[in-house]
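Secondary and tertiary structure notes
Here is how the chains run, residue by residue.
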Amino acid sequence: MTDFAATKAMFDLPEGVIYLDGNSLGPLPRAASDRVNDMLVKEWGQMLITGWNKAGWMALPTGLGDRIGRLIGAEPGTVVTGDTLSIKVYQAVASALELCPDRKVVLSDSGNFPSDLYIVDGLLRSLGPDYELRVVAPEDVAAHITEDVAVLMLTEVDYRSGRMHDMKALTELAHANGTVTVWDLAHSAGAIPVDLSGCNTDFAVGCTYKYLNGGPGAPAFIYVAPRLADHVRPALSGWLGHEAPFAFDLDYRPGSGIERMRVGTPPIIQMTALSAAMDIWDMADMADVRAKSINLTELFIARVEASCPELELASPRDPNLRGSQVSFRFADGYAAMQALIARGVIGDFRAPDIMRFGFTPLYIDEQDAERAVEILTDIMQNRLWDAPEYKVRQRVT
């Protein structure tokens, strides 16, 4: 069984802070500071450019990919890290479209993270006026998977409400209609059990700075099913995706398997921090994480609804239908969240009225959930949120 007391002790959380925003940015693993400092001083400082060979920098993207792959049900050698999530979305959708040359529609939903939609809209505009990004309500996706759809692109867990799509059922329906699937796991990896292999998914992407605790700007990852990996064309044909990067050929030849989805030089400092976080994840079993997550979110919902009737649950009530977050609607949700943060309970706000709380069992326990509700109750019952300083919108909400 996962020892959550041990994992909690491995994070450097500020004294007195209850951190319920790991679904946006995970906290600092205690080992990361020393790990990064060693990399800077002993590897970059002493090895200089020889660190690519001596310190194994070049192997980090696939090594970390395999460690992430264990958490998302991916076969060994099918996940690589590097670049940003936006770049990986572009890569995956562009490659998926080329597998369906006679179709021009990418289907997504209005619960998808807007950046994914922006990226795909820009890609399709570059491809020409015949291409279409079709966006429907989350609950209507299945009905719109038709034989003209080339790619189904969905975020498995809705970033606002935590609502979960049924990956297996939708992937099966997509394949029955000749549609290629791209799944965004930004709010899934490290939050819920994922079985990419068992669901027979085609592509998946995700970030590592949320539940995986890789730090701000931590690299993204991309998965390609083994049956596709050796013949999909990487639309972003970067030099590290080349079959022989240091041959410096003028003509691009894609590398084998997942290696071809590498683009630019890997961010070694960020990957070093991520490796410290993955040491903690190596101690965890996703089934244990999910069970503890459900216990925490059920407790939180029950306590909040009993003491804060002004807040309306925006997440699915059935824990099997939501990720590892709880969202409540409140007209003055921004101000209420700022009041909470001022009292040491850190969640976040998503327009227009969502107060969002993430639960990561690696460092959040029942006592944290109970104390967070006590503080929230005080703020709501005494209208402490109704102060001018809490209503000034900051650049990041």
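Notes on the structure in this doc start here. Sequence order sets the numbering: in each chain, residues are counted from 1 along the sequence as written. Selection of residues for local features in this predicted model requires a pLDDT of at least 70, selection of side-chain atom pairs for listing and counting requires 80 or more, and totals for whole chains, interfaces and linings are taken over all residues. Neither water nor hydrogens contribute to the side-chain values; these are computed over all heavy atoms in the structure.

This paragraph deals with the overall build of the protein chain. Strands are runs of DSSP state E lasting at least 2 residues, helices are runs of H or I lasting at least 4, and numbering of each runs from the N terminus. Per the secondary structure count, the protein chain includes 13 helices and 13 strands. For a compact globule the rule gives 2.2 Å times the number of residues to the power 0.38, and the radius of gyration it is set against comes from C-alpha atoms. For 397 residues, the compact-globule estimate of 2.2 N^0.38 gives 21 Å, and the protein chain sits close to it at 22 Å. When the backbone C-alpha atoms are referred to their principal axes, the protein chain occupies close to 70 × 55 × 40 Å. Relative accessible area decides the class of each residue, using a 1.4 Å probe on protein chains only: under 20% of the type maximum gives buried, over 50% gives exposed, and in between gives partly exposed. Within the protein chain, the fraction of its 397 residues that count as buried is 55%. Across the protein chain, contacts joining residues at least 24 apart in sequence account for 72% of those joining residues at least 6 apart. Computed with a 1.4 Å probe, the accessible areas rest on the Shrake-Rupley method; for each residue, only the protein chains presented here act as cover. About 16500 Å² of surface is accessible on the protein chain, with carbon and sulfur atoms providing 54% of the total. We count Lys and Arg on the positive side and Asp and Glu on the negative side, and we leave His and both chain ends out. Each charge is placed at NZ for Lys, CZ for Arg, CG for Asp and CD for Glu. In the protein chain, 35 positive and 53 negative side-chain charges are present, and the distance between their average locations comes to 3 Å. When checking whether two residues touch, look at their non-hydrogen atoms; a contact exists if any pair is within 4.5 Å.

Pairing between strands is defined by DSSP: at least two bridges between them are needed. Across the sheet, four strands lie side by side as S9-S10-S13-S12; this open sheet has antiparallel pairing. The open sheet has two edge strands, strand S9 (312–313) and strand S12 (348–350), and neither has a second partner. Strand direction decides the pairing type here: strand S10 (residues 325–329) and strand S13 (residues 354–358), joined by five bridges, are antiparallel. If you follow Phe328 over to S13, its bridge partner there is Met355. In this fold helix H11 (residues 286–307) packs onto S9, S10 and S13, with an angle of close to 20 degrees to the strand it touches most, S10. Across the sheet, helix H12 (residues 333–342) touches S12 and S13, and the angle it forms with S13 is around 40 degrees. Lines fitted to C-alpha atoms define the axes, with helix axes restricted to the stretch in contact, and inter-axis angles between N-to-C directions lie between 0 and 180 degrees.

Any two cysteine sulfur atoms within 2.5 Å of one another count as a disulfide. A complete count under the given rule lists zero disulfides for this structure. In this structure Cys199 is not part of a disulfide, and its nearest cysteine sulfur, from Cys100, lies 19 Å away.

A few words now on the nonpolar core. Nonpolar core, defined: a set of buried Ala, Val, Leu, Ile, Met, Phe, Trp, Tyr and Cys residues in which side-chain atoms within 4.5 Å join the residues together. Formed by 110 residues in total, the largest nonpolar core has its most connected members in Ile72 and Phe300. Setting aside its immediate chain neighbours within four residues, Ile72 contacts Val79, Leu185, Ala189, Val194, Asp195, Leu196 and Phe221.

Attention now goes to the side chain of Arg322. Its location among the elements puts Arg322 in the loop between S9 and S10. Of note is the side chain of Arg322, whose polar atom sits 2.7 Å from the side chain of Glu298. What Arg322 contacts, discounting residues up to four positions off in sequence, is Gly162, Met164, Arg290, Thr297, Glu298, Ile301, Ser315, Pro316 and Arg317. Polar contacts here mean pairs of N or O atoms no more than 3.5 Å apart (in protein, one a potential hydrogen donor and the other a potential acceptor; neighbouring residues in sequence count only if both atoms are side-chain atoms).

On to helix H6 (residues 114–127). Between the first and last residue of a helix there are one fewer steps than residues, each counted as 1.5 Å, and that sum is the expected span. The end-to-end C-alpha distance of H6 is 20 Å, a good match for the 20 Å that 14 residues give at a rise of 1.5 Å each. Listed in full, the buried residues belonging to H6 are Asp116, Leu117, Val120, Leu123 and Leu124. Take H6 and look down its axis: the buried residues cluster within an arc of 130 degrees, on one side only. Opposite its buried face, H6 presents the exposed residues Tyr118, Arg125 and Ser126, each directed more than 90 degrees away. On its buried face, H6 sits against helix H5 (85–98), strand S3 (105–109), strand S4 (132–136), strand S5 (149–155) and strand S6 (180–184). The positive-phi residue at the C-terminal boundary of H6 is Gly128, with phi of around 130 degrees. Here, the arc refers to the directions that run from the helix axis to the C-beta atoms.

To continue, consider the packing of aromatic side chains. For Phe, Tyr and Trp, rings pair up if their centres lie within 6.5 Å, where Trp contributes its six-membered ring, and each pair is then called stacked (planes under 30 degrees apart), edge-to-face (over 60) or tilted (otherwise). Inspection of every chain in the model, using the stated rule, returns twelve aromatic pairs. Between Trp239 and Phe246, the aromatic rings sit 5.2 Å apart at their centres with planes inclined by 70 degrees, giving edge-to-face as the arrangement. For Phe246, a relative accessible area of 54% corresponds to the exposed category. Members of the aromatic cluster, joined through ring pairs, are Phe300, Phe328, Phe357 and Phe359. Throughout this description, the term charge over a ring refers to an Arg CZ or Lys NZ atom that lies within 6 Å of the ring centre and within 35 degrees of the ring normal. If you follow Arg393 out to its NZ or CZ, it ends over the ring of Tyr334, 4.5 Å from the centre.

Turn by turn, an α-helix covers 3.6 residues, leaving residues three or four places apart pointing in a common direction. Regarding helix H7 (residues 167–176), the residues found buried are Met167, Leu170, Thr171 and Ala174. Buried residues along H7 cover an arc of 100 degrees about the axis, so they all sit on one side. Turning to H7, the residues buried within the fold contact S5, S6 and helix H8 (196–199). Taken from the residues just after H7, Gly178 is the one with a positive phi, measuring 75 degrees.

Note the cis peptide between Ala351 and Pro352, where omega equals 5 degrees. Note that Pro352 resides in the loop between S12 and S13. One non-glycine residue, Asn200, lies in the positive phi region at around 60 degrees. In this structure, Asn200 sits in the loop between H8 and strand S7 (203–206). Located in the positive-phi region is Arg383, a residue other than glycine, with phi close to 50 degrees. For Arg383, the position within the fold is in the segment after helix H13 (366–381). When its relative accessible area of 48% is taken as the criterion, Arg383 is described as partly exposed.

Salt bridge, as used here: a side-chain nitrogen of Lys or Arg that lies within 4 Å of a carboxyl oxygen of Asp or Glu. Scanning the entire structure with this criterion turns up 28 salt bridges. The partner of Lys8 in a salt bridge is Asp365, and the shortest N-O contact between them spans 3.0 Å. With Lys8 in helix H1 (residues 4–8) and Asp365 in the loop between S13 and H13, this pair connects stretches of sequence that are 357 residues apart. Judged by its relative accessible area of 26%, Lys8 is partly exposed. A relative accessible area of 19% means that Asp365 is categorised as buried. Between Arg125 and Asp121 there is a salt bridge; the shortest N-O distance is 2.8 Å. Of this pair, Arg125 and Asp121 both sit in helix H6, four residues apart, roughly one helical turn. The class of Asp121 is partly exposed, set by a relative accessible area of 30%. Linked through salt bridges whose partners overlap, the residues forming this network are Arg35, Arg67, Asp279 and Asp282.

Purely spatial values, then, with no claim about function.
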